[in-house]
Structure formats: C-alpha cells, structure tokens
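Listed here are the chains, written in short residue letters.
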Amino acid sequence: MLRMDNVSKKYLHRGQTVTALDQASVTIHRGDFVSLVGPSGSGKSTLLLMLGGMLSPSSGEVYLDEQSVYALSPNRRAELRQRKLGFVFQTFNLIPYLTALENVQVPLYLAGMAPDEQQQRAAALLDRLGLGQRLHHKPCELSVGQQQRVALARMLTNDPAVVLADEPTGNLDPETSQQVIEFFEQINDEGKTIVMVTHDPRAAARARRILRLDNGQIVPEENSAERLHVA
C-alpha cells in the first residue's frame, strides 16, 4: 500500500547540506501497524511527512496504492490526502474558537458534505471516543487527553485507509497514552494501516512492526518488545 524507493531528502542549512533521509526504502502493507523509532533528528518525522504527501523528496519515489505520490500535481496530492490519509499530531492542531463538534466538522465542510450530515457524523465520532457529553466545549474547556480525542475523531472523518501519527502520545499522561494506543489497535483491527512516530518504547512495542531510523537510514526491523527492553 505504501512504499518508498531509495528516498533521500537534503536541506541546505547555514550553507551546509544536511541529509534528513539517505536512500531510505520501505514497504508498508495494507492493514499493518508500524512504529517509527530512533533518536531525535534521525529522520522519523521527515519520513512520515513524505509518506503523507506533504514533503517532496530530493530523490527517489513514494507510492500509495502504486500511485507515485510526487508525480501528481499539488492539487491532486491534496485530493489523495483527503481521500485516503488521516493525520494525528502531538500538538492536536484544534481551532481554539470552535467547539469539539465544529472542529470535527471542518474536514466534512471542506469535503462539501451537507450541514446536517456533518453534524451527525461528527457527533457519532465524538461519541465513539467518549466525548458525547462534550460536543459544545471549546478546546480550552477540555483536558489535554480530551483534546487529543477530538483530534482523533477529526482524523476519522474521511474514513482514511492510512493513519499517520506523529508522537500522538507525546503530551499525554500514561493512562491517556494507553487509551490512545488501544484506540489505534482497535482501528487497526478494523483494517486501517497505521504508521506512528514515537519516542515511547512501550507505545512502539504495541505495533506489529518497528522500524528504527538512525542518521536518515532505516536499520534492520525489530518486532518484539524484548528488543526494546520493555517489561
């Protein structure tokens, strides 16, 4: 479903070339749950953004369902993201002056869904995530964990085949982090493909596969909690 072939990404920083990814190749199959781990600056977020069609590689190819993502025009890439991809970020990116319901409605509005249908779908998703009694609360009126659940509901609005998550538990307490990972396991069991960047070894160990990045390169895969020294 997702594939990177010999992808490199280079930046010019203060007159020097920085290599964020170096000839990275990986295949992520439909229904997989992959954790991306590695030290800060190893290229994890760069790799995730490239898989999501938001950062062009310097060289190499990225494919989604055998479609070369960066061979598409920017508008076609945006359409592809809207149809097939869902994004979750550490910072939630909620609109502060909108309610939980309205935040979840935003992608539905942009997709042209009728207002009544927007409200029904958004309310159903929030209810699924335990926020049925918080529909009309603004982000500042919600706990950090509740804000993340609003972001998760918003991510599901277009029923994405692929979920890309960048440190989704980074701002959460251990109990809420556990709830988020359990939710990812649930939607993965329902058939969604998940790629998750994380620094948390316990969260990483819950995935089906672990990819480790170091200095922009993907090193041999790990697939057991024991290799991450998780009790």
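A brief structural summary. Along every chain, residues carry numbers that run from 1 in the direction the sequence is written. Where local features are concerned, this predicted model is filtered to residues with pLDDT of at least 70; where side-chain atom pairs are given and counted, the filter is 80 or more; whole-chain, interface and lining totals use all residues. The basis for every side-chain value is the complete set of heavy atoms in the structure, and neither hydrogens nor water enter the calculation.

Take helix 5 (residues 144-155) next. For the purposes of this entry, the term helix denotes a DSSP run of H or I that reaches at least four residues, the term strand denotes a run of E that reaches at least two, and both are numbered from the N terminus. Every helix has an expected span of 1.5 Å times one less than the residues it contains. For helix 5, which comprises 12 residues, the first-to-last C-alpha distance of 17 Å matches the rise-based estimate of 16 Å (1.5 Å per residue) to within 8%. Among the 12 residues of helix 5, 10 are classified as buried, and the element is accordingly described as predominantly covered. Looking at the packing, one finds that the buried side of helix 5 touches strand 6 (85-89), helix 3 (100-110), helix 4 (115-128), strand 7 (162-166) and helix 6 (174-189). Per-residue accessibility, obtained with a 1.4 Å probe over protein chains only, is compared with the maximum for each type, and a residue is labelled buried under 20%, exposed over 50%, and partly exposed between these values. Contacts are residue-level and defined by heavy atoms, with any inter-residue pair within 4.5 Å sufficient.

On to the sheet that holds strand 1 (residues 2-13), then. Strand order in this open sheet of 4 strands is 2-1-4-5, and the pairing throughout is antiparallel. Unpaired on one side and paired on the other, strand 2 (16-28) and strand 5 (67-68) mark the two borders of the sheet. What makes two strands pair is DSSP finding at least two bridges between them.

This next bit is on the pairing of strand 3 (residues 33-37). Of all 5 residues that make up strand 3, 5 are buried, and the element is covered over most of its length. Side chains Phe-33, Ser-35 and Val-37 of strand 3 all project onto a buried face; the interleaved residues Val-34 and Leu-36 project onto the opposite face, where all are buried too. By the bridge criterion, 4 bridges tie strand 3 to strand 8 (residues 193-197) in an arrangement that is parallel. Note that in strand 8 the partner of Leu-36 across the bridge is Val-197. Pairing geometry for strand 3 and strand 9 (residues 209-214), over 4 bridges, is parallel. Paired with Val-34 across the strands is Arg-209, a residue of strand 9.

What follows is about unusual backbone geometry. Of note in this structure, Asn-93 is not a glycine but carries a positive phi near 60°. A relative accessible area of 43% means that Asn-93 is categorised as partly exposed. Non-glycine residue Asp-159 carries a positive phi angle of around 50°. Counting through the fold element by element, Asp-159 comes out in the loop between helix 5 and strand 7.

The axes of two packed helices give the description: the angle between them and the distance between them. As a packed pair, helix 5 and helix 6 sit with axes 10 Å apart at the nearest point and diverge in direction by 15°. One element, helix 5, and the other, helix 6, form an angle in the roughly parallel class. Here helix 5 runs over helix 6; the crossing is right-handed. For the pair helix 5 and helix 6, contact is made by Gly-145, Gln-148, Leu-152 and Met-155 and by Thr-176, Val-180, Phe-183, Phe-184 and Ile-187, respectively. To get an axis, a line is fitted to the C-alpha atoms, and for a helix only the part in contact is used. The angle between two axes follows their N-to-C directions and goes from 0 to 180 degrees. Working definition: roughly parallel below 35 degrees, roughly antiparallel above 145 degrees, roughly perpendicular at 65 to 115 degrees, and oblique for all remaining angles. Take the far helix as your reference; a near helix turned counterclockwise from it by less than a right angle gives a left-handed crossing, and one turned clockwise gives a right-handed crossing.

Right, let's get into the pairing of strand 8. Burial of strand 8 is extensive: 5 of the 5 residues sit out of reach of the surface. Side chains Thr-193, Val-195 and Val-197 project from strand 8 onto one buried face, and the interleaved Ile-194 and Met-196 project onto a second face that is buried too. With 5 bridges connecting them, strand 7 and strand 8 associate as parallel partners. The residue bridging Val-163 from the neighbouring strand is Ile-194, located in strand 8. Handedness of the strand 7-helix 6-strand 8 crossover: right-handed. Whether a crossover is right-handed comes down to one check: with the strands pointing away from the viewer, does the path from the first strand over the helix to the second run clockwise; if it does, it is right-handed.

Next up on the list: helix 4. Over its 14 residues, helix 4 runs 20 Å from end to end, which matches the ideal 20 Å to within 8%, given 1.5 Å per residue. Summarising the contacts, the buried residues of helix 4 are in contact with helix 3 and helix 5. Once helix 4 finishes, Gly-130 follows within two positions and takes phi at roughly 80°, a positive value.

We now examine the packing of aromatic side chains. The criterion for an aromatic pair is that two Phe, Tyr or Trp rings (for Trp, the six-membered ring) have centres within 6.5 Å, with stacked assigned to planes under 30 degrees apart, edge-to-face to planes over 60 apart and tilted to the rest. Tallied over the entire structure, the rule returns 1 aromatic pair. Geometrically, the ring pair formed by Phe-87 and Phe-89 is stacked, given 6.2 Å between the ring centres and 0° between the ring planes. Among the residues examined, Phe-89 registers a relative accessible area of 24% and is labelled partly exposed. Here Arg-3 stacks its cationic end above the ring of Tyr-63, 4.2 Å away from the centre of that ring. For a lysine, the NZ atom is tested; for an arginine, the CZ atom; a charge sits over a ring if that atom is within 6 Å of the ring centre and within 35 degrees of the ring normal.

Another aspect to go through is the side chain of Lys-192. By the element assignment, Lys-192 lies in the loop between helix 6 and strand 8. Nitrogen and oxygen atoms within 3.5 Å of one another constitute a polar contact, given that in protein one can donate a hydrogen and the other can accept it, and given that sequence-neighbouring residues count only through two side-chain atoms. Looking at Lys-192, its side chain comes within polar contact range of the side chain of Asp-159, at 2.6 Å. Each residue touching Lys-192, except ones within four places of it in the same chain, is listed here: Gly-31, Asp-32, Leu-156, Asp-159, Pro-160, Ala-161, Val-163 and Ile-187.

Before going further, it helps to spend a moment on the pattern of salt bridges. Salt bridge, as applied in this entry: a Lys or Arg side-chain nitrogen positioned within 4 Å of an Asp or Glu carboxyl oxygen. One pass over the full model with this rule turns up 10 salt bridges. A salt bridge links Arg-30 to Asp-65, with the shortest nitrogen-to-oxygen separation between them at 3.4 Å. With Arg-30 in the loop between strand 2 and strand 3 and Asp-65 in the loop between strand 4 (59-64) and strand 5, this pair connects stretches of sequence that are 35 residues apart. Judged by its relative accessible area of 57%, Arg-30 falls in the exposed class. By relative accessible area, which is 29% here, Asp-65 ends up partly exposed. Look at the salt bridges and you will find they share partners, linking Arg-3, Asp-5 and Glu-66 into a network.

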